[in-house]
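# Structural overview for review
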Amino acid sequence: MDEALLRSLTPNVLGILVRRGADFAAAEDAVQDALVEALRVWPADHPRDPKGWLVTVAWRKFLDATRSDTARRRREDLVDEEPAPGPARSVDDTLQLYFLCAHPSLTPSSAVALTLRAVGGLTTRQIAQAYLVPEATMAQRISRAKRTVNGVRFDQPGDVATVLRVLYLVFNEGYSGDVDLAAEAIRLTRQLAAGIDHPEVAGLLALMLLHHARRGTRTAPDGSLVPLAEQDRSRWDTKLIAEGVEILQAALARDRLGEFQAQAAIAALHADAQTAEETDWVQIVEWYDELVRLTDSPVVRLNRAVAVGEADGPRAGLAALAELDDSLPRHAAVAAYLHERDGDPVTAARLYAEAAQKAPNLAERDYLTRQAARLNARR
Amino acid sequence: MAKYLLLKHYRGAPAAVNDVPMDKWTPEEISAHMQYMSDFAARLEETGEFVDGQALAPEGAWVRYDGEGRPPVTDGPFAETKDLIAGWMVIDVDSYERAVELAGELSAAPGAGGKPIHEWLELRPFLTEPPTVTE
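Conventions used here
Residues numbered from 1 in each chain as written. Chains lettered and ligands numbered in written order. Predicted model: local features only at pLDDT ≥ 70, side-chain atom pairs only at ≥ 80, totals over all residues. Heavy atoms only, no water. Helix = DSSP H or I, 4+ residues; strand = E, 2+ residues; numbered from the N terminus. Buried < 20%, exposed > 50% of the residue type's maximum accessible area, 1.4 Å probe, protein only. Contact = heavy atoms within 4.5 Å. Lys, Arg positive; Asp, Glu negative; His and termini not counted. Charge placed at Lys NZ, Arg CZ, Asp CG, Glu CD. Salt bridge = Lys/Arg side-chain N within 4 Å of Asp/Glu carboxyl O. Polar contact = N/O pair within 3.5 Å; in protein donor to acceptor, adjacent residues only side chain to side chain. Nonpolar A, V, L, I, M, F, W, Y, C, P; charged D, E, K, R; others polar. Expected span 1.5 Å × (residues − 1). Phe/Tyr/Trp six-rings, centres within 6.5 Å; stacked < 30°, edge-to-face > 60°. Lys NZ or Arg CZ within 6 Å of the ring centre and 35° of its normal. UniProt positions renumbered as here; feature names shortened; annotations may be inferred. Arc of directions from axis to C-beta. Core = buried A, V, L, I, M, F, W, Y, C linked by side-chain atoms within 4.5 Å. Domains from an automatic or database assignment. Axes fitted to C-alpha atoms, helices over the stretch in contact; angles between N-to-C directions. Parallel < 35°, antiparallel > 145°, perpendicular 65-115°, else oblique. Left-handed = near helix turned anticlockwise from the far one by under 90°. Pairing = 2+ DSSP bridges.

This part covers the overall build of chain A. Secondary structure assignment for chain A yields 19 helices and 0 strands. With the C-alpha coordinates of chain A rotated into their principal frame, the extents come out at 80 × 45 × 40 Å. Out of the 379 residues belonging to chain A, those deemed buried represent 49%. For chain A, long-range pairs separated by at least 24 residues make up 63% of all intrachain contacts whose partners lie at least 6 apart in sequence. Here chain A contributes 45 positively and 54 negatively charged side chains, and the mean placements of these two sets differ by 5 Å.

Right, let's talk about the interface of chain A and chain B for a bit. On the chain B side, the residues contacting the 40 residues of chain A number 21 residues. Where chain A meets chain B, there are 1 salt bridge. Residue Asp 92 of chain B is joined to Arg 141 of chain A by a salt bridge in which the shortest nitrogen-to-oxygen separation is 2.8 Å. Scanning the region where chain A abuts chain B turns up 11 residue pairs in polar contact (both at pLDDT 80 or more). If you list the elements that add at least two residues to the side of chain A that touches chain B, you get helix H6 (108-119), helix H8 (135-149), helix H9 (160-172), helix H13 (259-272) and helix H19 (362-378) of chain A. Considering each element in turn, the side of chain A that touches chain B owes the most residues, 5 residues, to H8 of chain A. The residue inventory of the side of chain A that touches chain B, partitioned by class, reads 20 nonpolar, 12 polar and 8 charged.

Quick look at helix H14 (residues 281-295) of chain A now. Residue and element names in this part refer to chain A. Taking 1.5 Å per residue, 15 residues should reach 21 Å; H14 reaches 20 Å between its end C-alpha atoms and fits that length. Tucked inside the fold, the buried residues of H14 contact helix H12 (238-252), H13 and helix H15 (298-312). Immediately downstream of H14, the backbone of Asp 296 shows phi near 50°, a positive value.

What the rule picks out here adds up to 4 aromatic pairs over all chains. A centroid spacing of 5.1 Å and a plane angle of 40° characterise the contact between Trp 59 of chain A and Phe 62 of chain A, whose relative ring orientation is tilted. Of this pair, Trp 59 of chain A and Phe 62 of chain A are both found in helix H3 (residues 50-65), 3 residues apart, which corresponds to roughly one turn of the helix. An angle of 55° between the planes, with centres 6.2 Å apart, marks the rings of Tyr 4 of chain B and Tyr 96 of chain B as tilted. Taken together, the residues span a long stretch of sequence, with Tyr 4 of chain B in strand S1 (residues 2-11) and Tyr 96 of chain B in helix H2 (residues 96-107) at a distance of 92 residues. Note that Arg 214 of chain A overlies the ring of Trp 236 of chain A, its terminal NZ or CZ placed 5.5 Å from the centroid.

According to UniProt, the "domain: RNA polymerase sigma factor 70 region 4 type" (unreviewed entry) feature falls on residues 98-148 of chain A. With 73% helix and 0% strand, residues 98-148 of chain A has its two end C-alpha atoms placed 15 Å apart.

Here we take up the side chain of Arg 141 of chain A. With respect to the element layout, Arg 141 of chain A can be found in helix H8. The class of Arg 141 of chain A is buried, set by a relative accessible area of 2%. Discounting chain neighbours no more than four positions away, the residues touching Arg 141 of chain A are Ser 109, Ser 110, Ala 113 and Val 133 of chain A together with Gly 48 and Asp 92 of chain B.

It is worth spelling out helix H16 (residues 314-322) of chain A at this point. Residue pairs three or four apart in sequence face the same way in an α-helix, which turns once every 3.6 residues. Residues and elements named next belong to chain A. When we look at burial in H16, the residues that qualify are Pro 314, Gly 317, Leu 318, Ala 320 and Leu 321. An end-on view of H16 places all buried positions within 160° of arc, on one side of the element. Exposed and oriented more than 90 degrees from the buried face of H16 are Arg 315 and Ala 322. Its buried side turned inward, H16 meets H15 and helix H17 (331-341).

Let's shift gears to the nonpolar core. Residues and elements named next belong to chain A. Counting 105 residues, the largest nonpolar core has Leu 17, Phe 24, Leu 54, Leu 116, Tyr 131 and Leu 192 as its most contacted members. When sequence neighbours within four positions are dropped, the list of residues in contact with Leu 116 reads Gly 121, Leu 122, Ile 127, Tyr 131, Val 170, Leu 181, Glu 184 and Leu 188. In terms of nonpolar packing, the next biggest core, distinct from the first, is built from 23 residues, Leu 318, Ala 332, Ala 333 and Ala 372 among them.

A common measure of how large an interface is: the accessible area buried when the components associate. Along its sequence, chain A is organised into domain 1 (1-82), domain 2 (90-167) and domain 3 (297-379). Centre-to-centre, using C-alpha coordinates, domain 2 of chain A lies 37 Å away from domain 3 of chain A.

A positive phi angle is found at Arg 330 of chain A, which is not glycine, with a value near 75°. Turning to its location among the elements, Arg 330 of chain A is positioned in the loop between H16 and H17.

Right, let's talk about the packing of H6 of chain A against helix H10 (residues 181-195) of chain A for a bit. Residues and elements named next belong to chain A. Running from amino to carboxyl end, H6 crosses H10 at an angle of 70°, the nearest separation of the two axes being 12 Å. As judged from the angle between their axes, H6 and H10 are roughly perpendicular. The interaxial crossing formed by H6 with H10 has left-handed handedness. Of H10, the residues touching H6 (which contributes Thr 115, Leu 116 and Val 119) are Leu 181, Glu 184, Arg 187, Leu 188 and Gln 191. Looking at the contact of H6 with H10, its residues break down into 4 nonpolar, 2 polar and 2 charged.

Looking now at the UniProt feature "domain: YCII-related" (unreviewed entry) in chain B. As annotated in UniProt, the feature "domain: YCII-related" (unreviewed entry) corresponds to residues 5-106 of chain B in the numbering used here. Along residues 5-106 of chain B one finds 30% helix and 28% strand; the C-alpha atoms at either end are 12 Å apart.

Another point: the sheet that holds strand S5 (residues 84-93) of chain B. Residues and elements named next belong to chain B. Read across the sheet, 4 strands follow the order S2-S5-S1-S6 without closing on themselves; strand pairing throughout is antiparallel. Each end of this open sheet is capped by a strand with a single partner; those strands are strand S2 (50-55) and strand S6 (122-125). Pairwise comparison of adjacent strand axes, ignoring direction, gives a mean angle of 20° for this sheet. Two strands pair when backbone bridges link them, and S1 and S6 are joined in this way by 4 bridges, in the antiparallel orientation. The partner of Leu 7 across the bridge, within S6, is Glu 122.

What follows is the structure in structure tokens.
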């Protein structure tokens, strides 16, 4: 419980330190130290004002750390440059942190690591474990990222799109450690949505909720992938789906469509179907058309070909596929699926085996290999 | 973010440009080579891209299961084995292009005459976790 509370306060406390004139890197270190101290002290002596306690302790840690002469000089310079304190609302501070941690000067992996630490309040060790790299490497990645953004002024408005890309990465490419990165991405996106009124933030949150609702049904107990059509829909989380749909509808009503809203709309149509057969593929194709218009992404066109295959039959899907470059990731897998639906198991088996060779992850490779084996056994 | 394995071969890779075996180098050239390798790893740790690096002894054995209640069978080493791994480095980088760039740097490690070996390194992507968003 304390850990959840601490992590929800992290960005706010960090924002306050930066506003007081601490440079971002030193403030971030100080807040981490304060979090560690809180975990040690709070179980026995819980403060009445947790945020006030954290600010006090973090500020003291910051001062301790900058005691040396050179550091003090740097600190005094910074305090001199400090802009006049504006209306320091906690929401603004938190938002600025999101922008800073997703700053375009950072590489995606650095932005992800910095966001999880500075906004999410995770420890370096937790982030290192989540991404399967040594702690020393992750510590360097984070401190380099902090150095990169140290000169960025904290009061400049940032770009929401870069923040959304980082949060999407955390959600979509989550490894499994003791930290649930998908849940963490949802928490951070909720927090962002509470601070900024933007239909794409809502769209991303809806997308995450709708996918998270199906999470328990995406893999069998042995870890193998269960495709959407075969998932046990009675086990989908209806509460998350209802929340996702509601957020999405409110966002769509604002008539400022973006790619995350369109992706969420597709997920919502899947969530809405009681059985795979009831899926409204015609509407899904329409949303893919919107997505193609918004992103012009070949991966989206590939997914669209699958949807066309369901809406208008496998021949139509294969025709849509024929317009795409066959070196695209998962092209062979889509072709295999459509050929099987078209009544050509021989071609399908060959393509499934080819797709397995090119699969970017183990679960997909095993799934595709099984598909090839299933078709080959039938002959 | 993607992990890649950089594989260094004792045997089996195409011939390097500066293809002089290590036992024909001077001791100083060997030291310079080792220093380059450890500096490279240290630099990758600083950039937050280092995951692991290990070297392997050239001689090993083949082992296989030999049935219930029987000890595993060992055989070899086979002198004729074509492909022999010398060691590896695992990196965690933002792109394939970055992985190629780093492999290129590692291949520039100095050998005979203090000149880059231009050794061929094998670059292999790790299979990842499946993505959450699938449609």
